[in-house]
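Remarks on the overall topology
Next come the chains, spelled out residue by residue.
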Amino acid sequence: NKDRLIEALNNEVEKIPGIEWGFSQPIEDNMEEALSGVKGQSAVKLFGGDLKDLEQKAGEIVDVMRTVPGIEDLGVFRVLGQPNLNLIVNRAKADRFGINVADVQDAVQTAVGGNPVTQILKGEERFDLVVRYQEPFRKTVEDIGNIRILAPSGERVSLGQLCDVKIDDGASMIYREANSRYIAIKYSVRGRDLGSTVQDAMRRVNQEVKLPQGYHLDWAGEYESQKRANARLSLIIPITLLLILLLLYTMFKSFKWSFLVLGNVAAGSIGGFLALLATGTNFSVSSGIGLLALAGVAVQIGVIMVQYINQLRSRGMAIWDAAIRGATIRLRPIMMTMLVATLGLLPAALSHDIGSDSQRPFAIVIVGGLITNLLISVFLLPTLYVWVARANDVLPTPNEKKK
């Protein structure tokens, strides 16, 4: 399966020093880059102004995150590493020869980069004619240091006499977002749920890494997307339950039976969480959507049971007898409802193929919740009904029963 394939590949690439790697799929890779701007499942963006400070702090963050259980495939998108030839003008030496900084810059530009001296016309097209030193005279650091500049006194002065010439590491890539420089640290989460892993990493990084003034971190990628989705679910789920409650009240004309049916929804959710625990599946947005779908089926099962018991009571049957008979008679339709959904989603719940990561939590929650809901609806729901039922309860009239 995918996890074993990643483990096998990881064992091999770890033998090669000096490289950084990650495991992804083409479409997933494109989606992740669209979300965070970084090719990786998740990323930490360190914003700041100095590239050397960014690289240093990124190394410290990686060292801390490496100790967090569940964090894998750590890597830094390096911003330094491009060798640059720097010519730093010594103003005291330049003043001695009467040469200013602009003269030095023009000499370097003309000799190495080239400057246009005229234009060539070819029909309606125009081309700049650029001249510069021949390659043997600008190929090495020594050659560039020997470039001559004519001083006002008529003396020819080399760049080496006017500048400190040295090779330093410069920027190989500069990442920007919101007009600020940043360095990205990619990582993946395996063997642990995303939310708690990232929160653990955030806590340790904040404790152990001291950022310079004006620097800040942004935890992007799947974690950021999950936070947005969880925020939406925290709003959608209460609204959904409220709408279900209102619909149940319009049916039963009683909040007692409405809350009794909602209790069946809560019990089904417990079964969904137990199924996730039994299969070792982490809670995700897909699981949350599965809980919403499970709520609809649980409501249907609860309505079937409570409505039939109420109908039996409206015909004159005692509370206890109606509950027992309702649980017995409605066992078959409840099982049919449960089995249709369970058998339909069972292949998805058991699948471990590539691409099943999003659908499996959804299916596991529904399958586990429905199995638990069957037992609760047949045994616990009638018991709770007997416990809360009273002689003056709102029951359907014979006309409502015939409908």
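Relevant structure appears above.
So, here's what we can say about the structure. (Residues numbered from 1 in each chain as written. Predicted model: local features only at pLDDT ≥ 70, side-chain atom pairs only at ≥ 80, totals over all residues. Heavy atoms only, no water.)

Moving residue by residue along a regular strand, the side chains alternate between the two faces of the sheet. A large share of strand 10 (residues 180-189) lies buried, amounting to eight of its ten residues. Relative to strand 10, strand 1 (residues 42-47) runs antiparallel, the two being bridged by six bridges. Residue K45 lies in a different strand from strand 10, and its bridge partner there is A184. Bridge count for strand 2 (residues 71-76) against strand 10 is four bridges, and the pairing is antiparallel. Across the sheet, V76 pairs through a bridge with I185, a residue of strand 10. Two elements, strand 9 (residues 175-177) and strand 10, share three bridges in a ladder whose sense is antiparallel. Note that in strand 10 the partner of R176 across the bridge is R181. (Buried < 20%, exposed > 50% of the residue type's maximum accessible area, 1.4 Å probe, protein only. Helix = DSSP H or I, 4+ residues; strand = E, 2+ residues; numbered from the N terminus. Pairing = 2+ DSSP bridges.)

With that out of the way, let us pick up the pairing of strand 5 (residues 125-131). Bridge analysis of strand 4 (residues 115-122) against strand 5 gives seven bridges, and the strand direction is antiparallel. Within strand 5, the residue paired with I120 across the bridge is F127.

For helix 12 (residues 319-329), the complete set of buried residues consists of A322, A323, G326 and A327. Take helix 12 and look down its axis: the buried residues cluster within an arc of 125°, on one side only. More than 90 degrees from the buried face of helix 12, the exposed residues found are W320 and T328. The elements touched by buried residues of helix 12 are helix 11 (285-314), helix 13 (331-350) and helix 14 (359-388). (Arc of directions from axis to C-beta. Contact = heavy atoms within 4.5 Å.)

This next bit is on the packing of aromatic side chains. We describe a pair of aromatic rings using the distance from one ring centre to the other and the angle between the two ring planes. A full pass over the atoms with the stated rule returns seven aromatic pairs. Look at F77 and Y175: their rings are 6.4 Å apart centre to centre, the planes differ by 80°, and that puts the pair in the edge-to-face class. Taken as a pair, F77 in the loop between strand 2 and strand 3 (80-89) and Y175 in strand 9 lie far apart in primary sequence, 98 residues in all. Judged by relative accessible area, which is 23%, F77 ranks as partly exposed. Taking 6.2 Å as the distance between ring centres and 35° as the angle between the ring planes, the aromatic pair formed by F255 and F259 counts as tilted. Taken as a pair, F255 and F259 lie in helix 10 (residues 255-279) at a separation of four residues, close to a single helical turn. By way of ring pairs, the aromatic residues F47, F77, Y175 and Y182 are connected into one cluster. Positioned above the aromatic ring of W257 is the side chain of K256, whose terminal nitrogen or guanidinium carbon lies 5.5 Å from the ring centre. Against the face of Y308 rests R330, its NZ or CZ located 4.2 Å from the ring centre. (Phe/Tyr/Trp six-rings, centres within 6.5 Å; stacked < 30°, edge-to-face > 60°. Lys NZ or Arg CZ within 6 Å of the ring centre and 35° of its normal.)

Read these as spatial facts, not as claims about activity.
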